[in-house]
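What follows is the residue order along each chain.
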Amino acid sequence: MYLLDIKDITYRVKEKEIFSGLSLAIEPEEVHAILGKNGTGKSTLAYLVMGCESYIPTSGVILFEGKIINDLKIHERAQLGITLAWQEPVRLEGISVRDYLTLKKKERNPSIYLEMVGLSPELYLNRIMDKSLSGGERKRIELASIVALEPKLAVLDEPDSGIDMLSIQDIINVINVLKKNGAAVLLITHREEIAKIADRASQICNGKIICSGDPQMVAQYYKSRKCEVCIAGVCAYV
Amino acid sequence: MSELKELMKVFGESGGDNSILAREDIAHFVASGHKILSTRATEGLKIQAEETDTGIAARVRVLEGIVIKNPVHLCFGILHKKGIQEIRMNIQIERGASVRFIAHCIFPKAEKVRHIMDAVVEIGEDAEMRYSEVHYHGPYGGIEVIPKAVVKVGKNGRYFSDFSLITGRVGKLGIDYAVEAGENAIIELIARVFGHGDDRISIKEKVALDGENSRGLIKTRVALEDKAEAEVTGITQGNAAGARGHVDCMEIVKDSAVAKAIPIVNVTHPLAKVTHEAAIGSVDKRQLETLMAHGLTPEEAVDVIVKGILK
Ligand SMILES: Nc1ncnc2c1ncn2[C@@H]1O[C@H](COP(=O)(O)OP(=O)(O)OP(=O)(O)O)[C@@H](O)[C@H]1O
Ligand SMILES: [Mg+2]
């Protein structure tokens, strides 16, 4: 049985059809990279999987461990083991990094998760999650919090954005730790070196998955695309 | 139980540290209703207080150059359901002196209580005063609290005040603070209030940056639920060269609560600059969704966000 099984979903915002029959299945413990140009709907896919407000497919179903989750709220999906690291993590006034990493499990030691993302616990545990954190620091803390949740499925929306070039290995380590802890990862990224570590990859184009398989192959296909802007039909590969 | 014991019991329950009364190195002043129950001064601190028909009149002085290490605890309260307490305070922090006050205002059973605080504060050159005031008004909301302060801060002086009323009901609250800042002075006024039921909250804080290079910050955090209402007025005047002021007001509303923010910035010197930001609304959706993606229920998530903002 697949862990996540997205079956033939369509999704429309206002006039724009973002997905028209998108299907994607992920095995337990699989790291699956999603590639696609800006605006193809990668973040939208993440919100549909997490169940964010007003992100309900117009048709088609999303199954998690065999159960349809279309109607479940975010926290209900989170309780099943799904979580999401947003592309732009929010700021939270008055909440310390320590509080944030132990939201549900007060007794747990948050230090190891910070170390995992290359942040020193002494310097960061008591920092407040507000504007005073830099964008990259905030991203790292978000990743640490995702590992701490021990999810079954982690959706990571561009975990590498805002992370300096020298620290890409930190992100790769986090993905490997998630996997080692038994999580599957839906990994949205624009970077080939990150996509490369996935077990499989898929390219989204024109509201569908147009290419799926070995990450190197998909990345190659993605790079050789002929269209600058998506005009349906050119992509013969499926 | 003696009145003092009873007051200190509530004091402890509302987060205060009961052991401070016994400590000789910690100054304190405790009054219940119109009665002075206990007082201790330490070196360089003068407390002159008397009981009046309606409350207490006190003169507090920190002598020149004295740095008081431990916070001075002030505790005011009414333990009965009904009553009035009018505190008139005159505080003088002399040149180069430094002190921190922690005031606890406790009205656990208030059904028909009125508490008025009327403070006149003078902070001398190079002197510093920190003033935290924590209120507990009990569960009934039958109270009217009117804290009023007029503060003058001298050259290089610093004044930090922090008002908080975040547990239990508010009742009716009418804060009215006005601060004048001298040259190089630094002013920070923070207020945090959580309103419930039919609580009525009015917060008016004014900072006049009269001295060159003076600095002012007015920060207000209000959360409201049920039918509570709040109006927050933050006034900053930039009247001198290099004066910098900021007004920052955030109000979160739930249910049918009503919030209003009125930032007034007024600059009379071309080299002064005052900015303001005000955000009023329900809980931020993205914050909520993030916490829910971490497994919190919507109710738990709102609670975490509101507590964070009031922290
Ligand atoms: N509320 C909305 N109203 C109209 N269009 C929307 C709305 N939300 C998203 N879109 C559009 O849907 C498309 C998909 O957006 P999405 O954020 O999922 O793209 P993305 O693939 O994540 O892009 P990026 O690589 O830039 O992060 C975009 O064209 C976007 O403009
Ligand atoms: Mg995106």
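Cut-offs used in this document
Residues numbered from 1 in each chain as written. Chains lettered and ligands numbered in written order. Predicted model: local features only at pLDDT ≥ 70, side-chain atom pairs only at ≥ 80, totals over all residues. Heavy atoms only, no water. Phe/Tyr/Trp six-rings, centres within 6.5 Å; stacked < 30°, edge-to-face > 60°. Buried < 20%, exposed > 50% of the residue type's maximum accessible area, 1.4 Å probe, protein only. Lys NZ or Arg CZ within 6 Å of the ring centre and 35° of its normal. Donors = N, O, S within 2.8 Å, 3.2 Å for Na, K, Ca; no water. Helix = DSSP H or I, 4+ residues; strand = E, 2+ residues; numbered from the N terminus. Contact = heavy atoms within 4.5 Å. Buried area = accessible area lost by both parts, 1.4 Å probe. Salt bridge = Lys/Arg side-chain N within 4 Å of Asp/Glu carboxyl O. Polar contact = N/O pair within 3.5 Å; in protein donor to acceptor, adjacent residues only side chain to side chain. Nonpolar A, V, L, I, M, F, W, Y, C, P; charged D, E, K, R; others polar. pLDDT = per-residue confidence, 0-100. Arc of directions from axis to C-beta. Near = heavy atom within 4 Å. Areas by Shrake-Rupley, 256 points an atom, 1.4 Å probe, with all protein chains shown as cover.

With that settled, consider the packing of aromatic side chains. In total, this model carries four aromatic pairs over all chains according to the counting rule given. Judged by centre distance (5.0 Å) and plane angle (70°), the rings of Tyr47(A) and Tyr55(A) are edge-to-face. Given a relative accessible area of 17%, Tyr47(A) falls into the buried group. Cluster of aromatic residues (ring-pair linked, three or more members): Tyr11(A), Tyr47(A) and Tyr55(A). Positioned over the ring face of Phe160(B) is Arg130(B), at 4.0 Å from the centre of the ring.

A separate point is the coordination of the magnesium ion (ligand 2). Four donors placed tetrahedrally about a metal ideally form angles of 109.5 degrees, and six donors placed octahedrally ideally form angles of 90 or 180 degrees. Looking at the magnesium ion (ligand 2), one finds its protein donor set to be Ser43(A) (OG) and Gln87(A) (OE1), positioned 2.0 to 2.2 Å from the metal centre. Placement of the pair is Ser43(A) in helix H1 (residues 42–50) and Gln87(A) in the loop between strand E6 (82–85) and helix H3 (97–101), with a sequence separation of 44 residues.

Moving on, we get to the interface of chain A and chain B. With 27 residues of chain A in contact, the opposing surface of chain B contributes 23 residues. Between chain A and chain B lies a buried interface of about 2100 Å² when both sides are counted; carbon and sulfur atoms form 59% of it. Between chain A and chain B we count four salt bridges in total. Of the charged contacts in the structure, one is a salt bridge between Glu277(B) and Lys131(A), with a shortest N-O distance of 3.9 Å. One can count 10 residue pairs in polar contact (both at pLDDT 80 or more) joining chain A with chain B. Examining the composition of the side of chain A that touches chain B, we find that four residues originate from one element, helix H2 (residues 74–80) of chain A, more than from any other. Grouping the constituent residues of the side of chain A that touches chain B by class yields 14 nonpolar, five polar and eight charged.

To continue, consider the side chain of His73(B). Residues and elements named next belong to chain B. Within the fold, His73 resides in strand E5 (residues 72–77). At 3.5 Å, the side chain of His73 forms a polar contact with the side chain of His104. Setting aside its immediate chain neighbours within four residues, His73 contacts Ile20, Ile26, Ala27, His28, Phe29, Ile102 and His104.

Do not read the fine detail of predicted coordinates wherever pLDDT is low. In the predicted model, chain B carries a mean pLDDT of 96, and the fraction of residues at 70 or more is 100%. Across the interface, the model reports ipTM at 0.94; the global pTM reads 0.86.

Let us now look at helix H1 (residues 3–13) of chain B. Within an α-helix, residues lying three or four positions from one another point in the same direction, as the helix has 3.6 residues per turn. Residues and elements named next belong to chain B. Regarding H1, the residues found buried are Leu7, Met8, Val10 and Phe11. Each buried residue of H1 lies within a common arc of 160° when the element is viewed along its axis, so the set occupies one face. Summarising the geometry of H1, the exposed residues directed more than 90 degrees from the buried face are Lys5 and Glu13. Elements that come into contact with the buried residues of H1 comprise strand E1 (28–32), strand E2 (35–40), E5 and strand E7 (98–106). Remark: Gly15 follows H1 within two positions and exhibits a positive phi of approximately 100°.

This paragraph deals with the site of ligand 1. Residue and element names in this part refer to chain A. Near ligand 1 you find 15 residues, and of these Lys16, Asn38, Lys42, Ser43 and Thr44 are the closest. Lys16 places a polar side-chain atom, nitrogen or oxygen, 2.8 Å from an oxygen atom of ligand 1. The separation between an oxygen atom of ligand 1 and a polar side-chain atom of Thr44 is 2.5 Å. Look at ligand 1: alone it shows 640 Å² of surface, and the protein chains cover 66% of it. The element best represented in the shell around ligand 1 is H1, accounting for three residues. For the shell around ligand 1, the residue count by class is two nonpolar, eight polar and five charged.

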